[in-house]
Number of protein chains: 6
Amino acid sequence: MVYLTRRERFNAAHRLFKKEWSDEKNFEVFGKCSNPNWHGHNYTLFVTIKGEPNPETGFVINIKQLSKIVKEKVIEKIDHKNLNIDVDFMHAKIPTSENIAIAIWNEIEPDIKNLNADLHCVKVIETENNSVEYYGN
Amino acid sequence: MVYLTRRERFNAAHRLFKKEWSDEKNFEVFGKCSNPNWHGHNYTLFVTIKGEPNPETGFVINIKQLSKIVKEKVIEKIDHKNLNIDVDFMHAKIPTSENIAIAIWNEIEPDIKNLNADLHCVKVIETENNSVEYYGN
Amino acid sequence: MVYLTRRERFNAAHRLFKKEWSDEKNFEVFGKCSNPNWHGHNYTLFVTIKGEPNPETGFVINIKQLSKIVKEKVIEKIDHKNLNIDVDFMHAKIPTSENIAIAIWNEIEPDIKNLNADLHCVKVIETENNSVEYYGN
Amino acid sequence: MVYLTRRERFNAAHRLFKKEWSDEKNFEVFGKCSNPNWHGHNYTLFVTIKGEPNPETGFVINIKQLSKIVKEKVIEKIDHKNLNIDVDFMHAKIPTSENIAIAIWNEIEPDIKNLNADLHCVKVIETENNSVEYYGN
Amino acid sequence: MVYLTRRERFNAAHRLFKKEWSDEKNFEVFGKCSNPNWHGHNYTLFVTIKGEPNPETGFVINIKQLSKIVKEKVIEKIDHKNLNIDVDFMHAKIPTSENIAIAIWNEIEPDIKNLNADLHCVKVIETENNSVEYYGN
Amino acid sequence: MVYLTRRERFNAAHRLFKKEWSDEKNFEVFGKCSNPNWHGHNYTLFVTIKGEPNPETGFVINIKQLSKIVKEKVIEKIDHKNLNIDVDFMHAKIPTSENIAIAIWNEIEPDIKNLNADLHCVKVIETENNSVEYYGN
């Protein structure tokens, strides 16, 4: 079993808030991340799949196929976008890194299964100090 | 003469557009950076000053003083904010990296002069691929 | 289950040696790390906790709470200090990265439990070439 | 149990191709990585071993011993070399990152066992976007 | 005047040698970089241009235009290639970083002039330890 | 004219203080950097020389010669040492980054002149946030 990781990047705006809460309550919970006029990040995404290398090619899967899935299912929808407004798979979710990672997992897992590989980990780095990893449930 | 550089960081949303132009024209010029619902970045800022080290302390200036100026005059106003809406010193400017760098220079230069040092360079890194430097005019 | 990681940094002096041993014996085992007048590092610390995201907030825990624990229990005691002399939780321990990671785990684990999360990993990076990870015993 | 990681680096040329296939077929499968005149990379290698810290020294193993094994068994044979032609342990293998990681594992595992430690992971980073990890079978 | 920098990357094989010299003489001068079967690198390229920001757009030039020039004139010819054999603009040159930087400058300067900007610097990073900068003559 | 840069690294302990001052006065000026029991850093050093590439070799100078000078004149004396106590060329100097950069310049400049090249810049990075550059006087 070998683990293969592809890095992709996206730049997006977001706001952490619950619309049922007042701005004060949102600020209390989410701090400056609840700024009503949005802020944003350069997100780094690491997607790891696992499988046996194909003895013909030496590849678990061709990493270009992995990149293509991540770009079509995630990056094109999320890059240079507003995570609260523009992204279908984030609809009605608070765009924390935790929720972004889980949503990306769900977006890409079926396509990775179709390649006869297993999705192992989705890692989302929001800043050099803060990141999350999701390994499925 | 020694050059002293302090790194600070801020995360902000922005949109590149001219309000006099249609969305189509804005997209033509600014591409996906003109997304109407904003996007954002982790900006890295490098501020360089120059001067002679003080023979008493070995410091050109105490880098904490430089950090304090940059934090008070720039980071507190710009971090977790929307560059088009929330930031006084970006008012009525298109928030390209070029304009951000020039505006930051103008914000901090007087305070650095007060420390008997010369501002040398403001460098703004928008992504790992794109950056600008401004050395004054 | 989502894994959430916070990076913190500290700069410290240390010396690897056993006081029962001669300088020659210490040099034989610890090499230049046993220099009697100390040397030092910029340490990078990654603390990872795991838990279920709270459906209300989308957070496993608020990463500011994690940062606060690490800063109060570790960084304030260890940053700009001598690991052999100044740090209570390193008392009588040889300050290898292994021992630093274990000691930091023990310092912060109770407070993380109080947040209803589980400490998963303490990673200590001593140089770009050398690092350790501890996952508890 | 503590995990100890050493980074080493090597710069090498390679070509992904099967000699039984035509250039066209190789290009179809391996893309520009099948360029007949080779291309190359700065590879980064992370080797992780695990074990209990020795109470005498605070070391799982002395990281210099780990570095020595990796340098003698891997780096000296592979650095500034052609992976398809010059490297005995890559003979008759397509030099994908997957195959490189597995081959390096096999090269160093016996020597690490002799140090009373367990090899845990060999990570090979080919570019900032592509990497693999192998944990043994 | 603002300086705008674009990063691009390419992975290439090369060999440092003079064909008039014996392998021994080449090894004496170029060391392991003269390995007859080639080796390779992940090269990082930083291209810096300078100019006045356009008051209409806030851009010195649209960085996508800069990226397009560098990709078409350099990256497409050099990425996943052998610098000694495959690259027209390196023909009959020893592919040191110095010569690569000068050759890239000459390749892209006319196109950058056509954008009403001035090429300022071509920086080539061969490894994390070795780099060169060329500012024209 | 081409600029050639070599990176080297050293890990050292230091304390910023004037022995004529009280601990209180030292703390007032140098803050936690004046901790009496020392602290330390992983220093990164970039040495840049300039010259014309030799048409025979394509090298300004062989970067191994540059590395050798920096290692012999600087790294061997300073790595895993205490900058206040152990390093001859820092004797009686407050080991700020400014003073370190100037002292390193003076240590290596004669040897670089002997290679028929000009020393251009000594850059010392103390932390990811703080650095200095010295270009001679």
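All of the points below concern the structure found in this document. (Residues numbered from 1 in each chain as written. Chains lettered and ligands numbered in written order. Predicted model: local features only at pLDDT ≥ 70, side-chain atom pairs only at ≥ 80, totals over all residues. Heavy atoms only, no water.)

Here the focus is the interface of chain A and chain C. Opposite the 20 residues of chain A that make contact, chain C presents 17 residues. Taken as a group, A:Glu98, A:Asn129 and A:Glu133 account for 32% of the area that chain A buries against chain C, more than any other trio of residues on that side. Seen at the junction of chain A and chain C, the total is two salt bridges. Here C:Arg7 makes a salt bridge to A:Glu128, at a shortest N to O gap of 2.8 Å. Counting residues per element, the side of chain A that touches chain C draws most heavily on strand S5 (residues 130-134) of chain A, which supplies five residues. As paired strands, S5(A) and strand S1 (residues 2-14) of chain C are joined by five bridges and run antiparallel to one another. Note that in S1(C) the partner of A:Glu133 across the bridge is C:Tyr3. (Contact = heavy atoms within 4.5 Å. Buried area = accessible area lost by both parts, 1.4 Å probe. Salt bridge = Lys/Arg side-chain N within 4 Å of Asp/Glu carboxyl O. Helix = DSSP H or I, 4+ residues; strand = E, 2+ residues; numbered from the N terminus. Pairing = 2+ DSSP bridges.)

Moving on, we get to the pattern of salt bridges. Throughout the structure, instances matching the rule amount to 72 salt bridges over all chains. In the salt-bridge network here, residues are joined through shared partners; they are A:Arg7, A:Arg9, B:Glu128, D:Glu128, E:Arg7 and E:Arg9.

A few words on the relation of the copies chain D and chain E. Note on the identical chains: chain D maps onto chain E by a rotation of 180° and an axial translation of 0.0 Å, with an RMSD of 0.0 Å. Taken together, the rotation angle and the small translation identify this as a two-fold axis. Of all interface residues in chain D, 100% are interface residues in chain E too; the two copies therefore contact each other through one and the same surface. (Least-squares fit on C-alpha atoms with pLDDT ≥ 70 in both.)

Further remarks concern the interface of chain D and chain E. Taken together, the contact pairs 24 residues of chain D with 24 residues of chain E. Considering only the surface of chain D that becomes buried against chain E, D:Asn37, D:Asn42 and D:His80 emerge as the three largest contributors, covering 29% of it. On inspection of chain D and its partner chain E, the count reaches six salt bridges. Put simply, D:Arg9 and E:Glu128 hold a salt bridge, and the shortest N to O gap is 3.3 Å. Taken together, the connections running from chain D to chain E amount to 21 residue pairs in polar contact (both at pLDDT 80 or more). The set of elements that each furnish at least two residues to the side of chain D that touches chain E consists of strand S1 (2-14), strand S2 (39-51) and strand S3 (81-82) of chain D. Element by element, the count of residues in the side of chain D that touches chain E is highest for S1(D), at five residues. Looking at the side of chain D that touches chain E residue by residue, the classes come out as five nonpolar, eleven polar and eight charged. (Polar contact = N/O pair within 3.5 Å; in protein donor to acceptor, adjacent residues only side chain to side chain. Nonpolar A, V, L, I, M, F, W, Y, C, P; charged D, E, K, R; others polar.)

Residue and element names in this part refer to chain D. Axis separation between helix H2 (residues 63-78) and helix H3 (residues 97-114) bottoms out at 10 Å; the angle between their running directions is 145°. Between H2 and H3 lies a crossing of right-handed hand. On the side of H2, the interface is formed by Leu-66, Ile-69, Lys-73, Val-74 and Lys-77, while H3 contributes Ile-104, Glu-107, Ile-108, Asp-111 and Ile-112. Class assignment for the residues of the contact of H2 with H3 results in six nonpolar, no polar and four charged. (Axes fitted to C-alpha atoms, helices over the stretch in contact; angles between N-to-C directions. Left-handed = near helix turned anticlockwise from the far one by under 90°.)

A few words now on the pairing of strand S5 (residues 130-134) of chain E. Residues and elements named next belong to chain E. Burial analysis of S5 places five of its five residues in the buried class, which makes it a mostly covered element. The two faces of S5 match: Asn-130, Val-132 and Tyr-134 on one face and Ser-131 and Glu-133 on the other face are all buried. Bridging between strand S4 (residues 118-125) and S5 involves four bridges; their strand directions are antiparallel. Within S5, the residue paired with Val-122 across the bridge is Tyr-134. Counting the residues in the hairpin turn of S4 and S5 gives four residues. (Buried < 20%, exposed > 50% of the residue type's maximum accessible area, 1.4 Å probe, protein only.)

Looking now at the environment of E:Ile75. Residues and elements named next belong to chain E. Its location among the elements puts Ile-75 in helix H2 (residues 63-78). On the accessibility criterion, Ile-75 (11% relative accessible area) is buried. Spatially, the C-alpha atoms of Ile-75 and Arg-9 are 7.4 Å apart, while their sequence positions differ by 66 residues. Sequence-distant contacts of Ile-75, that is, excluding residues within four places in its chain, are made with Glu-8, Arg-9, Phe-10, Leu-45 and Val-70.

Moving on, we get to the relation of the copies chain A and chain C. The relation between the two copies of this chain is a rotation about an axis and a shift parallel to it. Once turned by 120° and shifted 0.0 Å along the axis, chain A lies on chain C with an RMSD of 0.0 Å. Both chain copies can therefore be described as sitting about a three-fold axis. In terms of C-alpha distance to the rotation axis, chain A has A:Glu128 as its closest residue, with the C-alpha 9.1 Å off the axis.

Quick look at unusual backbone geometry now. All names here are of chain C. One non-glycine residue, Asn-116, lies in the positive phi region at around 65°. With respect to the element layout, Asn-116 can be found in the loop between helix H3 (97-114) and strand S4 (118-125). The exposure class of Asn-116 is exposed, given its relative accessible area of 75%.

In this section: the packing of aromatic side chains. A ring pair, where both rings are aromatic, is described by two values, the distance of the centres and the angle of the planes. Applying the stated criterion across every chain, the model contains 30 aromatic pairs over all chains. The structure contains a cluster of three or more aromatic residues connected by ring pairs, namely A:Trp21, A:Phe30 and C:Phe59. D:Arg15 extends its terminal NZ or CZ atom over the ring of D:Phe17, reaching a point 3.8 Å from the ring centre. (Phe/Tyr/Trp six-rings, centres within 6.5 Å; stacked < 30°, edge-to-face > 60°. Lys NZ or Arg CZ within 6 Å of the ring centre and 35° of its normal.)

The next subject is the environment of A:Glu98. Along the chain, A:Glu98 falls in helix H3 (residues 97-114). For A:Glu98, a relative accessible area of 3% translates into the label buried. Once the C-alpha coordinates of A:Glu98 and A:Val132 are considered, the two residues, 34 residues apart in sequence, prove to be 6.2 Å apart. Discounting residues that sit within four places of it in the chain, A:Glu98 has contacts with A:Val132, C:Val2, C:Leu4, C:Pro53, C:Gly58, C:Phe59, C:Val60 and C:Ile61.

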